[in-house]
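So you can see what is in the structure, the chains are spelled out below.
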Amino acid sequence: MNIIIGIDLGTTNSLVAVMKDGQPVILAPDGERNIVPSIVSFQSDRVNVGDEAQSGKTDNSRNTIFSIKRFMGRGYDDVADELRHLPFEVDPDNKHSVFVLARGRSYSPPEISALILRKLKARAEKELGHPVLRTVITVPAYFNDAQRQATKDAGRLAGLEVLRIVNEPTAASLAYGLQQRDRGVIAVYDLGGGTFDISILRVKDGIFEVLSTGGDTHLGGDDFDRALADHLIARVKEDSSIDLRTDSTVVGAVVLAAEKAKCELTDKEETEIVLENPGGVSVSWKGTLTREEAERIFLPIAERTLKPCRRALLDADLPESGVDDVVLVGGSTRMPLIRRMVSDLFGKEAHSELNPDEVVALGAAVQADILAGGRKDMLLLDVSPLSLGIETMGGAMGWIIPRNTTIPTSKREIYTTFKDHQTGVDIQVLQGERELAKDNRSLAKFRLGIDPAPAGMARIEVTFLIDANGILNVTARDLRSGKAASVEVQPSYGLTDEQVEQMLLESFEYAEEDIRQRQLLEARNEAESILTAAARALREYGKDQIGEKEFAAISTAILGAEEAMQGDDHSAIRDKIDALNDVTHSLAERMMDDVLKEALTNKKLSEAMKD
Ligand code: AMP
C-alpha cells in the first residue's frame, strides 16, 4: 500500500492520522482515546506505552519516562536544569548527550520516542488493516537541526521511513485547508501546557510559505494552573490559617485542583473547588470561583503572548490587520480569555472548528497525502529561524542565509585567503544574529585543503544548502583546484529553544555594541594591512630613495596608527589610517610606476597592453 501516515509526536501526547475519503482523520481503536500519552514505562517483564504507562508515573516512577521530546537532540548541559526535577534518572556516564536510565539500561531519547512511534504505527496498522512503512512527523518550528535529526532517527528506529519533518504550525494550517485560498496571511497561535509558539504564514497561488516564527518556551497552561493554585493557597490561609505551601506534594495537589477548575471555567461561568486533605495535609476547604475572578488572575499571563505575536508580525513585515486567518492550536486556546485576546489582536475570529489537540496530527496527514501524490498541486515552504553563516577575517560573522529565509534554499558566496601561501582554510559554520563570530553558535568546523597561492588570489566558494527538513549541508570548494570538502550539520549538542530566543534577544540588546565592535575590528584589519605594506615599502626603498623628510613623516604616521590600534576607538584608527595614506601617497605612486616599468622592460608594449 502507498499509504503514508501523519504523526504529531508531542511532549505530552502523540497522535496518528491518515487521509480517508479526502478528509484527515485521527486513528484510534474503538473505546480508546485519540491521544496516546507520550509516556514509556519499563516494567520488569514488559514495556508499557501510552495510557497503560500512566500508572507507572506513580507506582514505577523511576522507570517511567515522560516529556522525552524536551531532550531530543540535546546535550546534557543544555537541559541540566530540567533534569534536576525529574523522577527518572539520567545516565551519569554520558555527558555528551542525554541518556535516560531504566531498569539498569541506558536509552537515548530517539530510542524512547521510537517506542511511542511504534505504538502509533501499530495503532495505524490495526485500524487500516495493512502494514505502514512511511510517515510524516511534525516538530515545533523552533526545532534545530539536531532535534530534527533525532526525530528522524526515532522514526527509523521504529521501522518507519520519515519522508518529511513538518513544522507544527504549517501542519495546523493545512488541517484547516487554508492552502486552498488564492492568497492570504495566516497566524497560527499555539498555546499548549508549557510552551507558546506563534507563526505567520502566507498562501499564494497554492504555495504555502512560513514568513516568520516566534514564541516563548516557558509559557503555557501550567502557568495559569500555578497562578490559580497560589490564589487558592492564599484563600485557604485566610480562611483557616493553614499554610499549604509546606511541601511539594501538597502544592502539587492544589495545582491539580486549579487545573481542573481552570478547564471547568472554560465552559461555565462559575465553579466549585474542593480541597480535601490535599497531599495528605489535614484540611478541608471549599470555595467558589467565577470566570471573571479567574480571568483577573490569568490576564497578566495571557498578555505575555502578545509581544511575541507583534514581533512575529514585524518580522513578517505586516501590520496586525494584515492577517486574514487565525488558527488556534494547543489545549489552552480553549480558554475564552485567550480567544478574546487573539481576536482583539488580529481583528478577527480565530478558526476553532477543529479540536486544538488534534489539528497538528490532522495537518500531518494532509501533508502525507500531498507526498503520496493525492495533492500534486502543492508545495510547502518553511523558514530557517536563525541566520547562518561562517566566520570571516578577524572573527566577524559572514552571513550567508539570513533568518526567516524560506526553505529549502541554497546560497553561495565566494571568499578568498588573506595570508600568502595558505595550504588550507578553516570553515567555521555559525548560527546567530550577532556581528562577531564568537557571540554566535558554532554548528560545525571543517578544513578545506587548497593549493598555495598569494593572499587574495584563492577563490573559495562556500555553499549552504538547507533541505526541506531543515537540515543544513555546507560545501567549500577551491575553484582553482576543484578540491572540495563538505559537512552535513549534525551538531552533537542541540540548541535549546531558550537559546534560540536568547540569541535573538541578545542581537537586539547588543546591536549597538556589536556594530561598534565590528567597526573596530574592520578598522584594525585595515590598519594592519596598510601598516604591513608601509613598513615593507620603507624597508625596500630606504631613507635614501624616499628622502629624509618623507621617511620621517611616514615613520611618525606609522607610529601614530600603531598607537591608535592599541585603543578601541575605531574612528581614531581610521583618522590615523587616513593620515598614513596621505603621507605615503607619493611613495605608493612611485612604487606603482616601478612595477609598471618592470613589466614594460620585461615585455613588449603590445603584449603588456594585451594583458
Ligand atoms: P497541550 O499541550 O496542547 O495538550 O495543552 C495542554 C494544556 O491545555 C494544559 O495546560 C491543559 O490544562 C489545557 N487545557 C486543556 N483543556 C482545557 C480547557 N478546556 N480549558 C482550559 N485549558 C485547557
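Residues numbered from 1 in each chain as written. Predicted model: local features only at pLDDT ≥ 70, side-chain atom pairs only at ≥ 80, totals over all residues. Heavy atoms only, no water.

Here the focus is the side chain of arginine 74. Relative to the helices and strands, arginine 74 resides in the loop between β7 (64-66) and α2 (76-83). We classify arginine 74 as buried; its relative accessible area is 5%. (Helix = DSSP H or I, 4+ residues; strand = E, 2+ residues; numbered from the N terminus. Buried < 20%, exposed > 50% of the residue type's maximum accessible area, 1.4 Å probe, protein only.)

Turning our eyes to something else, we now look at the domain arrangement of the protein chain. For the protein chain, the assigned domains are domain 1 (5-219 + 304-381), domain 2 (221-302), domain 3 (388-493) and domain 4 (511-600). Taking only C-alpha atoms into account, the centre of domain 1 sits 32 Å from that of domain 3. With 24 residues of domain 1 in contact, the opposing surface of domain 3 contributes 17 residues. On the surface where domain 1 and domain 3 come into contact, there are zero salt bridges. Going through the elements one at a time, α2, α4 (145-157), β12 (161-167), β15 (207-216), α9 (306-315) and β19 (379-384) are the ones with two or more residues in the side of domain 1 that touches domain 3. Its residues assigned to classes, the side of domain 1 that touches domain 3 comprises eight nonpolar, seven polar and nine charged. (Domains from an automatic or database assignment. Contact = heavy atoms within 4.5 Å. Salt bridge = Lys/Arg side-chain N within 4 Å of Asp/Glu carboxyl O. Nonpolar A, V, L, I, M, F, W, Y, C, P; charged D, E, K, R; others polar.)

At their nearest, the axes of α9 and helix α10 (residues 336-346) sit 12 Å apart, and the two run at 30 degrees to each other. Overall, the two elements α9 and α10 adopt an arrangement that is roughly parallel. Regarding α9 and α10, the two cross each other, and that crossing is right-handed. From α9, Leu306, Cys309, Arg310 and Leu313 reach across to α10, where they touch Met341, Leu345 and Phe346. Here the residues of the contact of α9 with α10 are counted per class, giving six nonpolar, no polar and one charged. (Axes fitted to C-alpha atoms, helices over the stretch in contact; angles between N-to-C directions. Parallel < 35°, antiparallel > 145°, perpendicular 65-115°, else oblique. Left-handed = near helix turned anticlockwise from the far one by under 90°.)

In the region of the ligand, 13 residues are neighbours, and Gly193, Glu259, Lys262, Thr266 and Gly331 sit closest. One nitrogen or oxygen atom from the side chain of lysine 262 is found 2.8 Å from an oxygen atom belonging to the ligand. Between the ligand and threonine 266, the relevant distance is 2.6 Å, taken from a nitrogen atom to a side-chain nitrogen or oxygen of the residue. Considered on its own, the ligand offers 500 Å² of accessible surface; in the complex 78% of this is hidden by protein. Taken together, the residues of the shell around the ligand break down into two nonpolar, seven polar and four charged. (Near = heavy atom within 4 Å. Polar contact = N/O pair within 3.5 Å; in protein donor to acceptor, adjacent residues only side chain to side chain. Areas by Shrake-Rupley, 256 points an atom, 1.4 Å probe, with all protein chains shown as cover.)

Now for α4. Its 13 residues place the ends of α4 18 Å apart at the C-alpha level, agreeing with the 18 Å of an ideal helix rising 1.5 Å per residue. Of all the positions in α4, only Asp145, Ala146, Gln147, Arg148, Gln149, Ala150, Thr151, Ala154 and Gly155 are classed as buried. Backbone geometry just after α4 places glycine 159 at a positive phi near 80 degrees. (Expected span 1.5 Å × (residues − 1).)

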